[in-house]
Amino acid sequence: MRVLVIGGGIGGLATALSLHAAGIEAELYEAAAEIRPLGVGINLQPHAVRELTELGLGPALAEAGVATQEFRYANRFGQTIWAEPRGLAAGYRWPQYSIHRGRLQMLLWEAARARLGEARLRLGRRLAEFTQDAAGVTAHFADGEAVRGDLLVGADGIHSAVRAQLVPQEGPPKWNGALLWRATSLALPFLTGATMVQAGHRDTKFVCYPIGRVEDGRAVVNWIAEQRFPTDTPWAREDWNRPARKSDFLPIFADWRFPWLDVPSLIEAAEAVYEFPMVDRDPLPRWTEGRVTLLGDAAHPMYPIGSNGASQAVLDARFLALQLATQPGVAAALGAYEAVRRPATAAVVEANRGDGPDRVMDIVHARAPGGFERIEDVVPQAELEATVMGYKRIAGFDPATLNARESWSVRPEPLPAA
């Protein structure tokens, strides 16, 4: 079997590596002429870290990222709403990592080069269209090249050319009115030194977490400032690399100075800030047409709530490779893949539209907009726990289920000890 993977992002590279590990021939085609470490920080939840660890990338992840120890929700005054351990400290068999998106992509790229060989990773290949028949599928690229395979996987992002051909009437992504400003800054560690913080509420939010260390003891802190606007406000096409001005949003957070974090100073310390509208697409009734299917953001672009976008792409890649290696043909494999992954990711998309676990901040803001003496006087702990844990179950990373689930490796290794 020969699989054509369209897209060299996190989902596409995870797919190529997973197929190779399952003994399936894969070739990857990326539109960009070179792979560069673009973007800012992301989180890899334990379910995705499990899959990358089973691909032999655990040590590389540990070196490249920061193992998250704690997750904390706070209001806009810095008062703690909810705090919990994360990763190994929460009883998972695998860590949670905060990592630079570009560094993760380069890590996956170098692993793919070493394992698949450079000849199977093709840069500067922009897909124009695909055609297929009963025997196979052909990818036609903008430079005139045509490549034949048994299966084509569209892992080419939110503006997927593969999805556009499968769903030509869909139109652009949907904006929910929120604008994100993202950057990294050098700063002194805060709280545990490996804490991920979300402060504020649905309309105005600040997120930050360390993704690395420097020699003088400071941390490389990834942060996201978020503000919601009317949805008829003009906005530009999504581009993770569109520069922004601090003056556009710094006044919103001018008095967000907490005992443990100075938000304005963190914003000021950034060398470059990037602007991005929060967008997604409606879940599709199907991902697959014949020998063509979708994966990652091409299949289920979602709001960056709950830190799940990249993680879900990794899960797609691993489960697809398992089905292709174990089912009695392409049609059966794609059917099994979509039957599990499409409803699972659709549930995450819908949960994120409802603010996912971040709803705990919205609840507290609605009931105590001026702050509180004790969080228990505002919302019962049981209500907070139900919101947070319910999302983990939807997204597939509650500890008990993940720790007990069978491996998706074709040749699984023994699970790590709890």
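You'll find the structure just up there.
So, here is what we can say about the structure in this document. (Residues numbered from 1 in each chain as written. Predicted model: local features only at pLDDT ≥ 70, side-chain atom pairs only at ≥ 80, totals over all residues. Heavy atoms only, no water.)

### Some words on the pattern of salt bridges
On inspection of all chains with the given rule, the structure shows 37 salt bridges. In this structure, the salt-bridge partner of R318 is E51, at a minimum N-O distance of 2.7 Å. Here the residue R318 occupies a position in helix α7 (residues 309-326), and E51 occupies one in helix α2 (residues 46-54), the gap between them amounting to 267 residues. By the burial criterion, R318 is buried, and E51 matches it. In this structure, a network of salt bridges that share partners links the residues R50, E51, E54, R318 and R405. (Salt bridge = Lys/Arg side-chain N within 4 Å of Asp/Glu carboxyl O. Helix = DSSP H or I, 4+ residues; strand = E, 2+ residues; numbered from the N terminus. Buried < 20%, exposed > 50% of the residue type's maximum accessible area, 1.4 Å probe, protein only.)

### Concerning the pairing of strand β12 (residues 151-154)
Judged by which residues are buried, β12 turns out to be covered on both faces: L151 and V153 on one side and L152 and G154 on the other are all buried. For strand β1 (residues 2-6) and β12, the ladder comprises 4 bridges, and the chain directions are parallel. In the sheet register, V5 faces β12, and the bridge partner there is V153. (Pairing = 2+ DSSP bridges.)

### Regarding empty space enclosed by the protein
This structure, assessed with the given rule, holds 4 cavities of 30 Å³ or more. If you trace the largest cavity, you find 14 residues lining it, with Q45, F71, R86, G306 and P357 closest to the centre. When residues of the lining of the largest cavity are traced back to their parent elements, those giving at least two are β5 (70-74), β14 (195-200) and α10 (381-395). Here the element with the most residues in the lining of the largest cavity is α10; it accounts for 3 residues. The residue inventory of the lining of the largest cavity, partitioned by class, reads 7 nonpolar, 4 polar and 3 charged. The computed volume of the second largest cavity comes to approximately 40 Å³. No other element matches the 3 residues that helix α9 (residues 359-367) contributes to the lining of the second largest cavity. (1 Å grid on protein atoms, 1.4 Å probe; cavity = no way out; pocket = protein on both sides within 12 Å on 5 of 7 lines; lining within 4 Å. Points joined across faces, edges and corners; volume = space filled by probe spheres on them. Nonpolar A, V, L, I, M, F, W, Y, C, P; charged D, E, K, R; others polar.)

### Some points on the sheet that holds strand β3 (residues 41-44)
Strand pairing in a sheet takes place through backbone hydrogen bonds and is either antiparallel or parallel in direction. Read across the open sheet, the 3 strands follow the order β3-β7-β4; overall the sheet is antiparallel. Looking along the sheet, the strands with just one partner apiece sit at the ends: β3 and β4 (66-67). Strand direction decides the pairing type here: β4 and strand β7 (residues 97-100), joined by 2 bridges, are antiparallel. Bridged to V66 within β7 is S98.

### Things to note about the pairing of strand β11 (residues 146-149)
With burial as the criterion, only one face of β11 is covered, namely that bearing V147 and G149; the residues A146 and R148 on the opposite face remain uncovered. Note that strand β10 (residues 137-141) and β11 share 4 bridges and pair antiparallel. Counted as the bridge partner of H140 is A146 from β11. Adjacent in sequence and paired antiparallel, β10 and β11 are bridged by 4 residues, among which G144 carries a positive phi angle near 100°.

### Brief notes about the side chain of Q198
Examined against the element boundaries, Q198 turns out to sit in strand β14. By relative accessible area, Q198 is classed as buried at 5%. Residues within four places of Q198 in sequence aside, it is in contact with F71, R72, Y73, A74, K205, F206, V207, D358 and M361. (Contact = heavy atoms within 4.5 Å.)

### Considering the sheet that holds strand β9 (residues 127-132)
The antiparallel open sheet is built from 3 strands, whose spatial order is β9-β10-β11. Where the open sheet ends on each side, the last strands, each with one partner, are β9 and β11. Going across the sheet, the axis of each strand differs from the next one's by a mean of 20°, ignoring polarity. (Axes fitted to C-alpha atoms, helices over the stretch in contact; angles between N-to-C directions.)

### Overview of the packing of helix α8 (residues 330-353) against α10
α10 packs onto α8 with a crossing angle of 150° between their chain directions and a minimal axis gap of 8 Å. Facing A344, A347, V348, A351 and N352 of α8, the residues of α10 in contact are Y391, I394 and A395. When its residues are assigned to classes, the contact of α8 with α10 shows 7 nonpolar, 1 polar and no charged.

### Topic: α2
Among the 9 residues in α2, 7 count as buried, and that is most of the element. Among all positions in α2, only P46, H47, A48, V49, R50, E51 and L52 are buried. Positive backbone phi, at 85°, marks G56, one or two positions downstream of α2.

### Topic: unusual backbone geometry
At L191, a residue that is not glycine, the phi angle is positive and equals roughly 50°. Structurally, L191 can be placed in the loop between β13 (174-187) and β14. Of the residues examined, L191 reaches a relative accessible area of 35% and is grouped as partly exposed. One non-glycine residue, D355, adopts positive backbone phi at about 80°. Along the chain, D355 falls in the loop between α8 and α9.

### Some remarks on the nonpolar core
Formed by 79 residues in total, the largest nonpolar core has its most connected members in L44, L61, L108, L152 and V162. No other element matches the 9 residues that α7 contributes to this core. Apart from the residues within four sequence positions on either side, L44 is in contact with V49, L52, L61, Q96, Y97, I99, L104, A310 and S311. Within the second largest apolar cluster, 27 residues are counted, among which are V197, C208, A244 and V263. (Core = buried A, V, L, I, M, F, W, Y, C linked by side-chain atoms within 4.5 Å.)

### Observations regarding the packing of aromatic side chains
Overall, the coordinates contain 12 aromatic pairs when judged by the stated rule. Between F71 and Y73, the ring centres sit 4.8 Å apart and the planes meet at 80°, which makes this aromatic pair edge-to-face. Just as F71 is buried, Y73 falls in that class too. The ring of F77 is capped by R76, whose NZ or CZ atom sits 4.8 Å from the centre of that ring. (Phe/Tyr/Trp six-rings, centres within 6.5 Å; stacked < 30°, edge-to-face > 60°. Lys NZ or Arg CZ within 6 Å of the ring centre and 35° of its normal.)

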